[in-house]
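One letter stands for each residue in the lines below.
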Amino acid sequence: MNIILLGAPGSGKGTMAQKLTGELKIPQISTGDIFRKNLKEETPLGLQIKDILNSGGLVPDEITIQIVRDRLAEPDCADGYILDGFPRSIVQAEALDKFQHIDCAINLDVDKQTIVARLSGRRFCPDCSGTFHVSSLADASVCPVCGGKLITRKDDSEETVLERLRVYESTTLPLIEYYEQRGKLITVNGTGGVEAVYRRILDVLHK
Ligand code: AMP
């Protein structure tokens, strides 16, 4: 199954994609993770996109589309994948439709107030790429999975969060209509605990 996870930053796409990947045995393809890895390793791409990521803007479509196209052509995607953070614009969605068949786009519906609270309490582990919320951590500086040192992502700072939400509303939100018109949109209530949201997703996927 080829699945897209749609939703605002902080709607839980990454968390849900991680859980689904274990259950469905298909890879999670996160463009955000790919870009952050390049940033960390200071690759030519990483240096090129550094300022964009840190300011909360979007990496140009042509770069992003090419990266996803190459990644989806790898053998582990042959039986399906979960796209997390792509597409983020109509141009990206149209390009994707030209080289892949998409089964459904799951839209995680979360109100703005919850999103800002989630993002401002979010901590990231650069070692294992795990994402956690301070409310669930005994020690807000230590990764509960690998023991790495947790950080606040630069793009989770208040100013950048507001910019990312602005970009989401202007550029990514129209994708809801895009997939609705094609009969592929499934909207799931993304508020509440992780397990509750995950159950809702499994329920709609089993239908
Ligand atoms: P994420 O972890 O999905 O929130 O992505 C982090 C950052 O990576 C975003 O704020 C963008 O700067 C960049 N990014 C991720 N996915 C895309 C995409 N599909 N198109 C453009 N930029 C992206």
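As shown above, the structure is provided for reference.
Residue indices begin from 1 for each chain and proceed along its sequence in written order. Where totals are concerned, whole chains, interfaces and linings use all residues; where local detail is concerned, this predicted model gives features only for residues with pLDDT of at least 70, and gives and counts side-chain atom pairs only at 80 or more. For side-chain calculations, the full set of non-hydrogen atoms in the structure is used, while hydrogens and water are omitted.

Student: Could you clarify how one ought to interpret the overall build of the chain in this entry?
Tutor: Helix numbering and strand numbering both begin at the N terminus, where a helix is a DSSP run of H or I of at least 4 residues and a strand a DSSP run of E of at least 2. A count of helices and strands for the chain gives 9 helices and 7 strands. Since a compact globule built from 207 residues should have a radius of gyration of about 17 Å, the 16 Å found for the chain is in line with a globular shape. When the backbone C-alpha atoms are referred to their principal axes, the chain occupies close to 45 × 40 × 35 Å. Each residue's exposure class comes from its accessible area (1.4 Å probe, protein chains only) as a fraction of the maximum for that residue type: buried when under 20%, exposed when over 50%, partly exposed otherwise. Here the chain holds 207 residues, and the buried ones make up 46% of them. Any two residues whose heavy atoms approach within 4.5 Å at even a single point are treated as in contact. A fraction of 67% describes how many contacts in the chain between residues 6 or more apart in sequence connect residues 24 or more apart. All accessible-area figures derive from a Shrake-Rupley calculation using a 1.4 Å probe, and residue coverage is judged against the displayed protein chains alone. Put simply, the chain shows about 10,500 Å² of open surface, and 51% of that area lies on carbon and sulfur atoms. Within these notes, the globule rule equals 2.2 Å times the number of residues to the 0.38 power, and the radius of gyration is based on C-alpha atoms.

Student: Where do I start with the packing of aromatic side chains in this structure?
Tutor: Working definition: a ring pair exists when centres of Phe, Tyr or Trp rings (six-membered ring for Trp) sit within 6.5 Å. Plane angles under 30 degrees give stacked, over 60 give edge-to-face, the rest tilted. Scanning the model with the defined rule gives 1 aromatic pair in all. Seen in terms of ring centroids, tyrosine 178 and tyrosine 179 are 5.0 Å apart; in terms of plane orientation they differ by 80°. Their pairing is edge-to-face. Think of it as a cone above the ring: NZ of Lys or CZ of Arg counts as a charge over the ring if it is within 6 Å of the ring centre and within 35 degrees of the ring normal. The ring of tyrosine 198 is capped by lysine 19, whose NZ or CZ atom sits 4.9 Å from the centre of that ring. Here the guanidinium or amino end of arginine 36 rests over the ring plane of phenylalanine 124, the centre of that ring lying 5.5 Å away.

Student: It is not clear to me how the side chain of serine 30 should be interpreted in this structure. Could you clarify?
Tutor: Topologically, serine 30 is positioned in strand β2 (residues 28–30). In this structure serine 30 touches Arg36 and Asp84, once residues within four positions along its chain are discounted.

Student: Can you help me understand the site of the ligand in this one?
Tutor: Throughout this document, a residue counts as near a molecule or strand when at least one of its heavy atoms sits within 4 Å of that molecule or strand. Surveying the vicinity of the ligand reveals 16 residues, the closest of which are Thr31, Arg36, Gly57, Gly85 and Gln92. Taking glutamine 92, its side chain carries an N or O atom lying 2.9 Å from a nitrogen atom of the ligand. Isolated, the ligand exposes 480 Å² of accessible area, and the fraction of that covered by the protein chains is 96%. Among the elements that take part in the shell around the ligand, helix α2 (residues 31–40) stands out by supplying 4 residues, more than any other. Within the shell around the ligand, the residues separate by chemical class into 5 nonpolar, 6 polar and 5 charged. Polar contacts, as used here, are pairs of N or O atoms within 3.5 Å; protein pairs need one atom able to donate a hydrogen and one able to accept it. Residues neighboring in sequence count only if both atoms are side-chain atoms. Nonpolar residues are Ala, Val, Leu, Ile, Met, Phe, Trp, Tyr, Cys and Pro. Charged residues are Asp, Glu, Lys and Arg, and all others, Gly as well, are polar.

Student: Please clarify how the pairing of strand β1 (residues 2–6) should be interpreted in this entry.
Tutor: The side chains of a regular strand alternate, first on one face of the sheet and then on the other. Among the 5 residues that make up β1, 5 are buried, leaving the element largely enclosed by the rest of the structure. Alternating residues of β1 divide into Asn2, Ile4 and Leu6 and Ile3 and Leu5, and every residue in both groups is buried. As judged from the 4 bridges shared by β1 and strand β3 (residues 81–84), these two strands associate in the parallel manner. Residue pairing for β3: isoleucine 4 is matched across the bridge by leucine 83. Both β1 and strand β4 (residues 104–109) contribute to a ladder of 4 bridges, which runs parallel. A pair of strands counts as paired when DSSP detects no fewer than two bridges linking them.

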